[in-house]
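Residue-level listing of the chains:
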Amino acid sequence: MSTPTPPFTPSADLARPTVADAVVGHADTPLYIRKPNAEDGWGVYELIKSCPPLDVNSAYAYLLLATQFRDTCAVATNEEGEIVGFVSGYVKDNAPDTYFLWQVAVGEKARGTGLARRLVEAIMSRPELADVHHLETTITPDNQASWGLFKRLAGRWQAPLNSREYFSTEQLGGEHDPENLVRIGPFNTHSI
């Protein structure tokens, strides 16, 4: 017996508040935060390409994130369904109390709205992450926007932030700045 295929739902319909986890922004320009799906893979890929200095992975990788890791990723769309923000990450198998945040991207149309923080907090507030008490990510030493975001999160969550070198330039092929491992926690996801 075959499983029925769920009906196709266009991205613009998914942006509606009844589907969104959160609605943020201004009343005249709302942004909708929700779990991604297969229809979002290409839009996420295009968003990442428009957000240097983020490393751009294949469209296939973003499609996998939007489907296989949807419970630990989030997209933000505008009213037209355009993807203007994305966060990807996963709960670590060897440390189930730790969420590893892989990428944060906010498109030009949504910058300055606090969307990056809201995306991260939307994920951290999901029931699937109730047992998570630490957040990890990697940041290059000169990425001031990311350092600012994670320092703000640590302050809001009243949790310590620690960092150390994680991947050296040599480990990254000699053409990439080193990556520092940044860890926030412990924190209580129920208070986010």
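Keep in mind it's a predicted model, so treat the numbers as computed, not measured. (Residues numbered from 1 in each chain as written. Predicted model: local features only at pLDDT ≥ 70, side-chain atom pairs only at ≥ 80, totals over all residues. Heavy atoms only, no water.)

Engineer: Give a description of the environment of Phe86 that names residues and reports values.
Structural biologist: Relative to the helices and strands, Phe86 resides in strand β4 (residues 83-92). Separated by 52 residues in the primary sequence, Phe86 and Arg34 have C-alpha atoms spaced 9.8 Å apart. The residues contacting Phe86, other than those within four sequence positions of it, are Val44, Leu47, Ile48, Tyr62, Leu65, Cys73, Ala74, Val75, Gln103, Val104, Ala105 and Leu119. (Helix = DSSP H or I, 4+ residues; strand = E, 2+ residues; numbered from the N terminus. Contact = heavy atoms within 4.5 Å.)

Engineer: Before we move on, could you go through the pattern of salt bridges and cite the residues and values that matter?
Structural biologist: A full pass over the atoms with the stated rule returns nine salt bridges. Across the pair Asp71 and Lys35 runs a salt bridge whose closest N-O atoms are separated by 2.9 Å. Separated by 36 residues along the polypeptide, Asp71 in the loop between α3 (59-68) and β3 (74-77) and Lys35 in the loop between β2 (29-34) and α2 (41-49) bring together distant segments of the chain. Here Asp71 falls in the partly exposed class, since its relative accessible area comes to 32%. Two residues, Glu136 and Lys92, come together in a salt bridge whose shortest N-O distance is 2.9 Å. Taken together, the residues span a long stretch of sequence, with Glu136 in strand β6 (residues 134-139) and Lys92 in strand β4 at a distance of 44 residues. Here the salt bridges share partners, and the residues they tie into one network are Lys35, Asp71 and Glu128. (Salt bridge = Lys/Arg side-chain N within 4 Å of Asp/Glu carboxyl O. Buried < 20%, exposed > 50% of the residue type's maximum accessible area, 1.4 Å probe, protein only.)

Engineer: Give me the side chain of Glu121: which residues, what numbers.
Structural biologist: With respect to the helices and strands, the residue Glu121 is situated in helix α4 (residues 115-124). Residues in contact with Glu121, not counting those within four places in the same chain, are Leu153, Arg156, Trp157 and Ile192.

Engineer: Go over unusual backbone geometry, please, and point to the residues and values.
Structural biologist: The residue after Pro52, namely Pro53, is reached through a cis peptide bond having omega 15°. Secondary-structure assignment places Pro53 in the loop between α2 and α3. Across the junction of Gly185 and Pro186, the peptide omega takes the value 5°, indicating a cis bond. With respect to the element layout, Pro186 can be found in the segment after β8 (179-184).

Engineer: Got a sec to walk through the nonpolar core? Specific residues and values, please.
Structural biologist: Formed by 32 residues in total, the largest nonpolar core has its most connected members in Tyr99, Leu115, Met124, Leu135, Trp157 and Ile184. For this core, the secondary structure elements donating two or more residues are β2, β3, β4, β5 (95-106), α4, β6, α5 (144-156) and β8. The element best represented in this core is α4, accounting for seven residues. In this structure, Tyr62, Cys73, Ile83 and Ala105 belong to the second largest nonpolar core, which totals 12 residues. (Core = buried A, V, L, I, M, F, W, Y, C linked by side-chain atoms within 4.5 Å.)

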